[in-house]
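Remarks on the overall topology
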Amino acid sequence: MLEDIALNVGEGEAVALVGPSGCGKTTLLNLAAGLLTPWEGTIASSFARPAMMFQQPRLLPWKRTLANIGLGLKARGVGRAERDRQAAGLAARMGLTADDLAKFPGALSGGMQSRAALARAFAVGPDLLLLDEAFSALDIGLKSELYRLLAGERAAHGSAVLMITHDLMEAVRLADRILVMSGSPGRIVAEHRVDTPVAARDEAWVFARTAEFIRWPEIRAAFALPPLEGA
Amino acid sequence: MTRNLRQQASDALTASGHYLWSGWGSLASLGIFLAIWELTAQQLGPLILPTPIEALTTLRGLFESGAAWPEIAITARRALAGFGLSVVIGSLLGLAAGVSMTASMMARPIITVLVGMPPIAWLILALLWFGAGDGTPIFTVFIACFPIIFVGAMQGTRTLDGQLKEVARMFGLSTWMKLTDVYLPHVVSYLFPAWISALGMSWKIVVMAELLSTEDGIGAALAVSRSHLDTAASMAWIVALVGTLLAIEYLLLEPLKRRVESWREFASSSN
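All values reported here derive from a predicted model rather than from experimental measurement.

Quick look at the packing of aromatic side chains now. Residues and elements named next belong to chain B. Within the structure shown, the criterion is met by ten aromatic pairs over all chains. Judged by centre distance (5.6 Å) and plane angle (35°), the rings of Phe146 and Phe150 are tilted. In this pair, Phe146 and Phe150 are both assigned in helix 6 (residues 135-158), four residues apart and thus about one turn of the helix distant. Neither residue differs from the other here; Phe146 and Phe150 are each classed as buried. One aromatic cluster is present, formed by Trp122, Trp129, Phe130 and Phe139 through successive ring pairs.

Encoded structure:
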């Protein structure tokens, strides 16, 4: 499914994998997360506290939101009072009210569930955050809100990020390095470093860079877009 | 925090409100049932079908003479012993079978046979093996309830959401935490309905077994009243039987189920 992949994520670095559906992005991410083991090749990770946010919020339906956010802390043996305190603090920064925290996930709106899922990932203070198209199903307002929360938490913890997305604009907005994948077999066909700091990327900059990016022949080929006229 | 408590209290009130309201519905349908019984009894005469009042009066007589309680207690003991055995063994084996694909494949034909085998056939075998006594009804109840509970437990484990398993692995949950925080809550939502239908089953089977194999218990009392052509007493025993079953289901199991699965209730009521 995947071929000849050499991928390295440095400490505190944000790497985005973009590519069409079915090119093996999720497989690659699951390999990095240790959810899958490779048939060939090796995966070495020196990250001690990875966390992942999935495409769907994947909260445990039988646990209240507060307990869901504290799940990773509980797994680390943090006592109840302490993890509730930490989870509640994080949730407040994520815009969840005390009311939301007392509800079961089924009673929360999709946006609130996504916030809770992001809070759950950040609760463990991850040094590597894996994002599996985590924002792809959200509306643009909520997306930009979550981008802001993500940037804030990243700055606070210095977490590295490995994200997969098919949204070029999202990659341009968040990543230090963008890798373009193409399918069957999945391989990395282009790499692009973004040097502008995340804080300095305003809307106009993001639009301009994305527009520029989408003209690249590698990207057009990977997403099976027709070649540009005169290019 | 007070706000939180108030929210929880109001949630609980809403939930019990729903429960009571559904209770009124049940009472109404029970009333209709009694009315149809009464009308039919008036048509057929007391020898064929006594009226509800006659049956209840006979039942009261049985209670007042002290004849009812010992028999009910004996029947309950047998039904619950068989049911309890199948709950413990069926749940454990079902969970184990659900974890392994091979085990579930192997269990399938056996379960098909167990489900397909009529309880009366088991009863005959049990009579040969255990003779007249507690062993026969307990075994028959156990073997009839076992496949229901086994299948419930197995499906509970098999249908465990792979996505939530990934979450559990990603967040480094220990085996114990996976069990208590992820697997059990899901499995319980399959197990509970299975337990409840098995309990209803156990009550029916135990009376059948007693009717044919023992000297005491509600089943034996039914056999006696039948041989005396005492329809009113038969009806009274049947009412006692059904009443006990309803009491256990609605006073014990249903509230328990509501409590265990409160997340489902709240999730669906607020969407």
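So that's the structure; there's more coming.
With that settled, consider the interface of chain A and chain B. Contact with chain A, which involves 28 residues of that partner, is made by 23 residues of chain B. At the boundary of chain A with chain B, total buried surface from both sides reaches about 2400 Å², with 66% on carbon and sulfur atoms. Looking at the side of chain A facing chain B, the largest losses of area belong to Leu35(A), Arg58(A) and Trp62(A), adding up to 28% of the total buried there. On the surface where chain A and chain B come into contact, there are three salt bridges. Where Lys74(A) meets Asp181(B), a salt bridge forms, and the shortest distance between an N and an O atom there is 2.8 Å. Here chain A and chain B share five residue pairs in polar contact (both at pLDDT 80 or more) between them. Where the side of chain A that touches chain B is concerned, the elements lending two or more residues are strand 2 (50-53), helix 3 (71-75) and helix 6 (110-123) of chain A. The element contributing the most residues to the side of chain A that touches chain B is helix 3 of chain A, with four residues. Residue composition of the side of chain A that touches chain B, by class: 18 nonpolar, four polar and six charged.

The next thing to look at is the environment of Leu225(A). Residue and element names in this part refer to chain A. Take Leu225: it is sitting in the segment after helix 10 (217-222). Judged by relative accessible area, which is 34%, Leu225 ranks as partly exposed. Separated by 168 residues in the primary sequence, Leu225 and Pro57 have C-alpha atoms spaced 31 Å apart. In contact with Leu225, not counting residues within four places along its chain, are Ile214 and Arg220.

Averaged over chain B, the pLDDT score is 85; the fraction of residues at 70 or greater is 90%. Of all secondary-structure elements in chain B, the lowest mean pLDDT belongs to helix 11 (residues 262-269) of chain B, at 60, while helix 5 (residues 119-130) of chain B reaches the highest, 93.

What follows is about the pattern of salt bridges. Residue and element names in this part refer to chain B. This model, assessed by the stated rule, comprises 21 salt bridges over all chains. The partner of Arg60 in a salt bridge is Glu64, and the shortest N-O contact between them spans 3.7 Å. With Arg60 and Glu64 both in helix 2 (residues 52-64) and four residues apart, this pair spans about one turn of that helix. We classify Arg60 as exposed; its relative accessible area is 54%. Classification of Glu64 as exposed rests on a relative accessible area of 63%. Counted as one network, the salt bridges with shared partners bring together Arg77, Arg78, Asp134, Glu210 and Asp216.

Turning our attention to the UniProt feature "domain: ABC transmembrane type-1" (unreviewed entry) in chain B. When the UniProt feature table is mapped to this numbering, "domain: ABC transmembrane type-1" (unreviewed entry) covers residues 72-254 of chain B. The distance separating the terminal C-alpha atoms of residues 72-254 of chain B is 22 Å; by composition the span is 89% helix and 0% strand.

Here the focus is the pairing of strand 1 (residues 14-18) of chain A. Residues and elements named next belong to chain A. The buried fraction of strand 1 is high, at five of five residues. With burial as the criterion, each face of strand 1 is covered, one bearing Ala14, Ala16 and Val18 and the other bearing Val15 and Leu17. As defined by bridge partners, strand 1 adjoins strand 4 (residues 160-165) across five bridges and the pair is classed as parallel. When the bridges of strand 4 are listed, Ala14 appears paired with Val161. Two strands pair when backbone bridges link them, and strand 1 and strand 5 (residues 177-182) are joined in this way by four bridges, in the parallel orientation. Across the sheet, the residue bridging to Val15 is Arg177, located in strand 5.

On to the domain arrangement of chain A. The figure often quoted for interface size is the accessible area lost as the parts come together. Residue and element names in this part refer to chain A. For chain A, the assigned domains read domain 1 (1-49 + 126-231) and domain 2 (58-124). One C-alpha centre belongs to domain 1, the other to domain 2; they are set 26 Å apart. Taken together, the contacts link 13 residues of domain 1 with eleven residues of domain 2. For the pair domain 1 and domain 2, the summed buried surface comes to about 1100 Å²; carbon and sulfur atoms form 70% of the total.

Take a nonpolar patch on the surface next. Residue and element names in this part refer to chain B. Together, Ile120, Ile124, Leu128, Trp129, Phe130, Leu211 and Leu212 make up an exposed nonpolar region whose accessible area comes to about 720 Å². Going through the elements one at a time, helix 5 and helix 8 (175-213) are the ones with two or more residues in the nonpolar patch. Considering each element in turn, the nonpolar patch owes the most residues, five residues, to helix 5. Among the secondary structure elements, Leu212 is positioned in helix 8.

Moving on to helix 2 of chain B. All names here are of chain B. With 13 residues, helix 2 ought to run about 18 Å at 1.5 Å a step, and its terminal C-alpha atoms sit 18 Å apart, in line with that. All of the buried residues in helix 2 are Pro52, Ala55, Leu59 and Leu62. Down the axis of helix 2, the buried side of the element spans an arc of 85°, and every buried residue falls inside it. Turned more than 90 degrees away from the buried face of helix 2, the exposed residues are Ile53, Arg60 and Glu64. Looking at the residues trailing helix 2, positive phi occurs at Gly66, about 80°.

Calculation rules
- Residues numbered from 1 in each chain as written.
- Chains lettered and ligands numbered in written order.
- Predicted model: local features only at pLDDT ≥ 70, side-chain atom pairs only at ≥ 80, totals over all residues.
- Heavy atoms only, no water.
- Phe/Tyr/Trp six-rings, centres within 6.5 Å; stacked < 30°, edge-to-face > 60°.
- Helix = DSSP H or I, 4+ residues; strand = E, 2+ residues; numbered from the N terminus.
- Buried < 20%, exposed > 50% of the residue type's maximum accessible area, 1.4 Å probe, protein only.
- Contact = heavy atoms within 4.5 Å.
- Buried area = accessible area lost by both parts, 1.4 Å probe.
- Salt bridge = Lys/Arg side-chain N within 4 Å of Asp/Glu carboxyl O.
- Polar contact = N/O pair within 3.5 Å; in protein donor to acceptor, adjacent residues only side chain to side chain.
- Nonpolar A, V, L, I, M, F, W, Y, C, P; charged D, E, K, R; others polar.
- pLDDT = per-residue confidence, 0-100.
- UniProt positions renumbered as here; feature names shortened; annotations may be inferred.
- Pairing = 2+ DSSP bridges.
- Domains from an automatic or database assignment.
- Patch = residues over 30% accessible without salt bridge, like charges linked within 9 Å, V, L, I, M, F, W, Y side chains within 5 Å.
- Areas by Shrake-Rupley, 256 points an atom, 1.4 Å probe, with all protein chains shown as cover.
- Expected span 1.5 Å × (residues − 1).
- Arc of directions from axis to C-beta.

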